[in-house]
Amino acid sequence: MKKILVTGGCGYIGCHTIVDLIENNYYPVCLDNNVRSTTQLLDKVKDITNFEIKNNKIDLLDVNSLETFFMKFGPFEGVIHFAAYKDVNESVERPLMYFENNLFSLINLIKVAEKYDVKNFIFSSSCSVYGNIKDLPVTEESNLAPSESPYGLTKRIGEEIIEFTSLKSRMNF
């Protein structure tokens with residue numbers, strides 16, 4: 001079974017992704033610092049799949065713990081990166097907290113993923129990278145408007161960071 005790391009795996013989208021991975025014969029490994037989540041949703045994953053997933057409580061801002069985790073639980077066929085702060089209003093009130101958490105955690109994850117030769121990397125972005133778009137529908141070809149929030153800007157910068165790393169060639173969409 002191919003092992004897939006799911007960061008932010010205790011969140012709503014992370015848990016649904018874990019269920020889908022299990023149903024498609026992947027072995028998901030959950031990593032979440034539980035600052036804004038709990039492991040309760042993993043109990044629901046077990047109810048649905050009959051597969052127990054344990055969370056690995058690690059903060060992506062701690063690159064040394066992250067590397068130790070990769071050495072212990074890897075190799076990983078891929079990473080699906082959901083872990084980020086996501087409250088637009090809070091990001092306006094506390095922009096530096098969002099820049100630090102969302103960008104430094106991504107940078108640390110990329111460093112370790114590159115070092116351990118992760119073959120597939122999926123970054124959970126947001127439609128907010130397009131700013132306040134007037135023309136609908138929004139597609140990947142839509143022009144980018146200025147970011148409307150620090151949250152949106154962190155997702156946009158995250159995409160640009162990935163563009164300039166060796167992960168770009170590994171991205172699966």
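Model, not experiment: these values are computed from the prediction.

Cut-offs applied
- Residues numbered from 1 in each chain as written.
- Predicted model: local features only at pLDDT ≥ 70, side-chain atom pairs only at ≥ 80, totals over all residues.
- Heavy atoms only, no water.
- Helix = DSSP H or I, 4+ residues; strand = E, 2+ residues; numbered from the N terminus.
- Expected span 1.5 Å × (residues − 1).
- Contact = heavy atoms within 4.5 Å.
- Buried < 20%, exposed > 50% of the residue type's maximum accessible area, 1.4 Å probe, protein only.
- Arc of directions from axis to C-beta.
- Patch = residues over 30% accessible without salt bridge, like charges linked within 9 Å, V, L, I, M, F, W, Y side chains within 5 Å.
- Areas by Shrake-Rupley, 256 points an atom, 1.4 Å probe, with all protein chains shown as cover.
- Salt bridge = Lys/Arg side-chain N within 4 Å of Asp/Glu carboxyl O.

(A) Main features of helix 1 (residues 12-23). Compared with an ideal rise of 1.5 Å per residue, which puts twelve residues at 16 Å, helix 1 spans 17 Å between its outermost C-alpha atoms and is within 8% of the ideal. At its buried positions, helix 1 is contacted by strand 1 (2-7), strand 2 (26-31), helix 2 (40-49) and strand 4 (78-81). Two residues or fewer past helix 1, Asn-25 is found with a positive phi of approximately 65°.

(B) Local environment of the environment of Pro-75. Mapped onto the elements, Pro-75 comes out in the loop between helix 3 (63-73) and strand 4. C-alpha separation for the pair Pro-75 and Lys-2, spaced 73 residues apart in sequence, amounts to 9.2 Å.

(C) Representation of helix 3 in the model. Looking at helix 3, one finds that the buried residues are Leu-66, Glu-67, Phe-69 and Phe-70. The arc enclosing the buried residues of helix 3, seen along the axis, measures out at 155°, which places them on a common side. Of the exposed residues in helix 3, the ones pointing more than 90 degrees away from its buried face are Asn-64, Met-71 and Lys-72. Buried residues in helix 3 make contact with strand 1, strand 2, strand 3 (55-56), strand 4 and helix 5 (95-115).

(D) Main features of the side chain of Asn-56. Tracing the chain through its elements places Asn-56 in strand 3. The class of Asn-56 is buried, set by a relative accessible area of 16%. When near neighbours in sequence (up to four residues on either side) are disregarded, Asn-56 contacts Val-29, Cys-30, Leu-31, Asp-32, Phe-69 and Phe-73.

(E) View of a nonpolar patch on the surface. Judged by side-chain polarity, Tyr-12, Ile-13 and Leu-41 come together as a nonpolar surface patch covering roughly 330 Å² of accessible area. Checked against the element boundaries, Tyr-12 lands in helix 1. Residue classification places Tyr-12 among the exposed residues on the basis of a relative accessible area of 61%.

(F) View of the pattern of salt bridges. According to the stated counting rule, one finds five salt bridges in the structure shown. The salt bridge partner of Asp-117 is Lys-119, with a shortest N-O separation of 2.6 Å. One salt-bridge network, held together by shared partners, links Lys-46, Glu-52 and Lys-54.

That's the geometry; what it means functionally is another story.
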